[in-house]
Amino acid sequence: MNAVPVELMSTNPMTDYVCDLNRLLEAALEAERSAEAEIGAISDFEPFTAAETYAFRSAVDRLVIAREWQEAINAQLSAIEESNQPCILRR
């Protein structure tokens, strides 16, 4: 019989997955805050130069992507919660 380290035996893959999702959600929230701050800083300039327009559009794209990440991650967390998995969800 193979010996399995105690750490591996006590680890619940679903709990690890939920923790990973929560870390990803925090990263998406930080990306959203960063993009919003950049949009606010750029929008103070008028009229926009070509570089400022490009930077503004890039920041808006990052904002949209961060919000899509959040939506997808929250959908995963909701699905886990609804399936009554024995794990603790943190939102």
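Relevant structure appears above.
Definitions and limits used
Counting restarts for each chain: residues are numbered from 1 in the order of the written sequence. It should be noted that, the model being predicted, local features are given only for residues of pLDDT at least 70 and side-chain atom pairs only at 80 or more, the latter also being counted only at that level, while totals for whole chains, interfaces and linings use all residues. The side-chain numbers reported here are obtained from all heavy atoms of the structure, hydrogens and water having been left aside. Per the convention used, a helix needs a DSSP run of H or I reaching at least four residues, while a strand needs a run of E reaching at least two, with both numbered from the N terminus. Here the term buried applies to any residue with accessible area under 20% of the maximum for its type, exposed to any over 50%, and partly exposed to those in between, with areas from a 1.4 Å probe on protein chains only. Residue contacts are defined here by distance: any two heavy atoms, one from each residue, within 4.5 Å place the two residues in contact. Each accessible area is a Shrake-Rupley result for a 1.4 Å probe, and residues are judged covered by the shown protein chains and nothing else. Each axis is a line fitted through C-alpha atoms, and for a helix only the stretch in contact is used; angles between axes span 0 to 180 degrees, taken between their N-to-C directions. The cut-offs work like this: below 35 degrees is roughly parallel, past 145 is roughly antiparallel, 65 to 115 is roughly perpendicular, and the gaps in between are oblique. We call a crossing left-handed when the near helix sits turned anticlockwise from the far one by less than a right angle, and right-handed when that turn is clockwise. Residues are grouped as follows: Ala, Val, Leu, Ile, Met, Phe, Trp, Tyr, Cys and Pro are nonpolar; Asp, Glu, Lys and Arg are charged; all remaining types, including Gly, are polar. Every helix has an expected span of 1.5 Å times one less than the residues it contains.

## A short note on the overall build of the chain
Regarding its fold elements, the chain presents three helices and zero strands. Ordered by position from the N terminus, the helices and strands of the chain form the series α-α-α. Buried positions account for 20% of the 91 residues belonging to the chain. Taking the contacts inside the chain whose residues are at least 6 apart along the sequence as the reference set, 65% of them involve residues at least 24 apart. Counting every atom, the chain has about 6,800 Å² of accessible surface; 59% of that belongs to carbon and sulfur.

## What to know about the packing of helix α2 (residues 13-42) against helix α3 (residues 50-82)
Each packed pair of helices is defined by two parameters, the angle between the axes and the distance between the axes. Between α2 and α3, the shortest axis-to-axis distance is 8 Å and the interhelical angle comes to 155°. By the angle between their directions, the pair α2 and α3 is classed as roughly antiparallel. The handedness of the crossing between α2 and α3 is left-handed. For the contact of α2 with α3, the residue count by class is 22 nonpolar, four polar and six charged.

## Looking at α3
In this model, α3 (33 residues) spans 48 Å end to end at C-alpha, consistent with the 48 Å of a helix rising 1.5 Å per residue. If you check which residues of α3 are buried, you get Glu52, Ala59, Leu63, Ala66, Gln70, Ile73, Leu77 and Ile80. Structurally, α3 contributes buried residues whose contacts are with α2.

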